[in-house]
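# An overview of the molecular structure
Listed here are the chains, written in short residue letters.
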Amino acid sequence: MLSLFEEYKNSGKIEEALLVGRNLFNRNPGDEKIFSAYFSYLCMLAETLPSFADRSSFAEQANVALAFYSENAALTSESIKTFFAQRQRINAIFDEIEKKNLESNEKNRREI
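What this report covers is the structure whose coordinates are included nearby.

### Some details on the nonpolar core
Note on soluble globular proteins: their nonpolar side chains tend to be buried together. If you look at the biggest cluster of nonpolar residues, it comprises 28 residues, and the most contacted ones within it are Leu18, Phe25, Phe35, Phe39, Leu42 and Phe58. Counting residues per element, the ones that place at least two in this core are α2 (14-27), α3 (32-48), α4 (52-72) and α5 (77-111). It is α3 that provides the largest number of residues to this core, a total of 10 residues. Those residues within four positions of Leu18 in sequence are excluded, and the remaining contacts are Tyr38, Tyr41, Leu42, Leu45 and Phe58.

Laid out in structure tokens, this is it:
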């Protein structure tokens, strides 16, 4: 089913990829390969979509997926390092969304 997720993702079918990815991850919450594919996709959407609301939503979903994975995976010293790197990525995404949102609000305020 990971191949179906990749197929939808690669063809730009966001809703279908998210449905398959979420289902796959929820059925296999400790699988590093599945988590990594799903988490990376959520982060990519959170980093690139134009809508602040959409970006925030996908960042939140990635954050939840990371927490769920950390509670279900067989942790090793390597997976713990990866967890903190992913946590840093999520924090950077949230910071960037907030920065861009503030800039947009300030620009809109000046135009009034």
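There's more to say after this.
### What about the packing of helix α1 (residues 2-10) against α2?
Direction vectors running N to C along α1 and α2 enclose 155°, while the axes themselves pass 8 Å from each other. Taken together, the axis directions place α1 and α2 in an arrangement best described as roughly antiparallel. With respect to the hand of their crossing, α1 and α2 are arranged in left-handed fashion. Two secondary-structure elements touch here, α1 through Leu2, Leu4, Phe5, Tyr8 and Lys9 and α2 through Glu16, Ala17, Val20, Gly21 and Leu24. For the contact of α1 with α2, the per-class residue count stands at 7 nonpolar, 1 polar and 2 charged.

Scoring rules and cut-offs
- Residues numbered from 1 in each chain as written.
- Predicted model: local features only at pLDDT ≥ 70, side-chain atom pairs only at ≥ 80, totals over all residues.
- Heavy atoms only, no water.
- Core = buried A, V, L, I, M, F, W, Y, C linked by side-chain atoms within 4.5 Å.
- Buried < 20%, exposed > 50% of the residue type's maximum accessible area, 1.4 Å probe, protein only.
- Helix = DSSP H or I, 4+ residues; strand = E, 2+ residues; numbered from the N terminus.
- Contact = heavy atoms within 4.5 Å.
- Axes fitted to C-alpha atoms, helices over the stretch in contact; angles between N-to-C directions.
- Parallel < 35°, antiparallel > 145°, perpendicular 65-115°, else oblique.
- Left-handed = near helix turned anticlockwise from the far one by under 90°.
- Nonpolar A, V, L, I, M, F, W, Y, C, P; charged D, E, K, R; others polar.

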